[in-house]
Structures are given as C-alpha cells and as structure tokens.
Amino acid sequence: MILLLKRASEGSWAGQLFLPGGVVDAGELPVQGAARELAEEAGLVPTSDLTLIGLYELPGFPMPALMVSYACTVGDGEPVLSHEHTASRWVEPEQMRDALAGETGFLGDIRADVERYIAWRARR
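The following paragraphs examine the structure supplied in this document. Keep in mind the model is a prediction, meaning the values are calculated, not measured.

Helix and strand counts for the chain come out as three helices and five strands. Ordered by position from N to C terminus, the α and β elements of the chain give β-β-α-β-β-β-α-α. Its C-alpha radius of gyration of 14 Å places the chain within 12% of the 14 Å reference for a compact globule of 124 residues. Reported as C-alpha extents along the three principal axes, the dimensions of the chain are approximately 35 × 30 × 30 Å. Looking at the chain as a whole, 32% of its 124 residues qualify as buried. Taking the intrachain contacts of the chain between residues at least 6 apart in sequence as the baseline, contacts between residues at least 24 apart amount to 57%. For the chain, the accessible surface area stands at approximately 7400 Å², while carbon and sulfur atoms represent 56% of it. Seen as two clouds, the 10 positive and the 18 negative side-chain charges of the chain have centres 6 Å apart.

As structure tokens, then:
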C-alpha cells in the first residue's frame, strides 16, 4: 500500500493528495530526512530499510529541488497527521499506477516510481 496525505490549505499543493515528504535538514542524509519526515507528517516509523526508487527534478519550487522517493514498510496502525495535513489515504499501488497512465513530466515520474515500488514489493 502507498500512503497519500492531503495537504492542508496553506503551502504547496494545498488540498491535494501527495506522498509524505519534505526538505532535508542541514547535515542530514536524504534517507534520514525521509524517515524523519514520515515520522513528523504521519507518525509512522519505518520497520525496514528505506530503498531508493526514484530521483528527479521536483517542479513548483522557487529554487531547484529534487524528489527522492523511497520504499519501506511501516508497522501496524493508522497515520497520526501533523498540522500540515488534513487527511490520509492508503491506496493500492496498481490503482495509483493505473490512475497515472499516460501521464508525462512530474506525474509520469511518479508513475515510474510506483512501478518500481510494485517491483520492490514483489521481491519482499
């Protein structure tokens, strides 16, 4: 399953569902930042290593930014949302992949990440 969080009314992508994430802090490795952001935004802690599944330019920021996507497992329990989000939804990866069929650019990159996530999950 893939966790999507609905962004609160302020900030980037307000009101839209998106993957958990955020900015890497100074001195922090991307994988450390991903685990921290997951805990901060959804109250979830990885129970497996984080596996890199995507790296590409992230549009919509006033400065150059990269999207670094990881796959991991988390323990049981529902997300506990931060103030940055108003709802969460677990989706089947095949459903998300199919919803993004034919997309190009940023959404096409996310679809490719979902394909790699499906392959990662199949190896587990």
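Back to the write-up after that little detour.
Here we take up the sheet that holds strand β1 (residues 2-7). Reading across the sheet, the three strands line up as β2-β1-β5 and stay open at both edges, with antiparallel pairing between neighbours. Every other strand in the sheet has two partners, leaving β2 (17-18) and β5 (85-91) as the edge strands with one partner each. One ladder, built from two bridges, connects β1 with β2; its direction is antiparallel. The residue bridging lysine 6 from the neighbouring strand is leucine 17, located in β2.

Judged by nonpolar contacts, the single largest core of 17 residues is most densely connected at Ile2, Met96, Phe106, Ile110, Val114 and Tyr117. Going through the elements one at a time, β1, β3 (51-57), β4 (66-71) and α3 (105-123) are the ones with two or more residues in this core. Beyond its immediate sequence surroundings of up to four residues, tyrosine 117 is in contact with Met1, Ile2, Ile53, Ala71 and Pro93.

This paragraph deals with the pairing of β4. On β4, burial follows the alternation: Met67, Ser69 and Ala71 on one face are buried, whereas Leu66, Val68 and Tyr70 on the facing-out side are not. With six bridges joining them, β3 and β4 adopt antiparallel strand pairing. Considered in β4, the bridge of threonine 51 is made with alanine 71.

Checked against the element boundaries, tyrosine 117 lands in helix α3. Residue classification places tyrosine 117 among the buried residues on the basis of a relative accessible area of 9%.

What follows is about the packing of aromatic side chains. Tallying each qualifying case throughout the model produces three aromatic pairs. Taken together, a centroid distance of 6.1 Å and an interplanar angle of 15° make the contact between phenylalanine 18 and phenylalanine 106 stacked. Remark: phenylalanine 106 occurs in helix α3 and phenylalanine 18 occurs in strand β2; sequence separation between them is 88 residues. Phenylalanine 106 carries the same exposure label as phenylalanine 18, and that label is buried. Measuring from ring centre to ring centre gives 6.1 Å for tyrosine 56 and phenylalanine 106, while their planes differ by 65°; the resulting arrangement is edge-to-face. Pair noted here: tyrosine 56 is in strand β3 and phenylalanine 106 is in helix α3, with a separation of 50 residues, a long-range link. Across this residue pair, the class does not change: tyrosine 56 and phenylalanine 106 are buried. An aromatic cluster is built from Phe18, Tyr56 and Phe106, whose rings are joined through pairwise contacts.

Parameters and conventions
- Residues numbered from 1 in each chain as written.
- Predicted model: local features only at pLDDT ≥ 70, side-chain atom pairs only at ≥ 80, totals over all residues.
- Heavy atoms only, no water.
- Helix = DSSP H or I, 4+ residues; strand = E, 2+ residues; numbered from the N terminus.
- Rg over C-alpha atoms; globule rule 2.2 N^0.38 Å.
- Buried < 20%, exposed > 50% of the residue type's maximum accessible area, 1.4 Å probe, protein only.
- Contact = heavy atoms within 4.5 Å.
- Areas by Shrake-Rupley, 256 points an atom, 1.4 Å probe, with all protein chains shown as cover.
- Lys, Arg positive; Asp, Glu negative; His and termini not counted.
- Charge placed at Lys NZ, Arg CZ, Asp CG, Glu CD.
- Pairing = 2+ DSSP bridges.
- Core = buried A, V, L, I, M, F, W, Y, C linked by side-chain atoms within 4.5 Å.
- Phe/Tyr/Trp six-rings, centres within 6.5 Å; stacked < 30°, edge-to-face > 60°.

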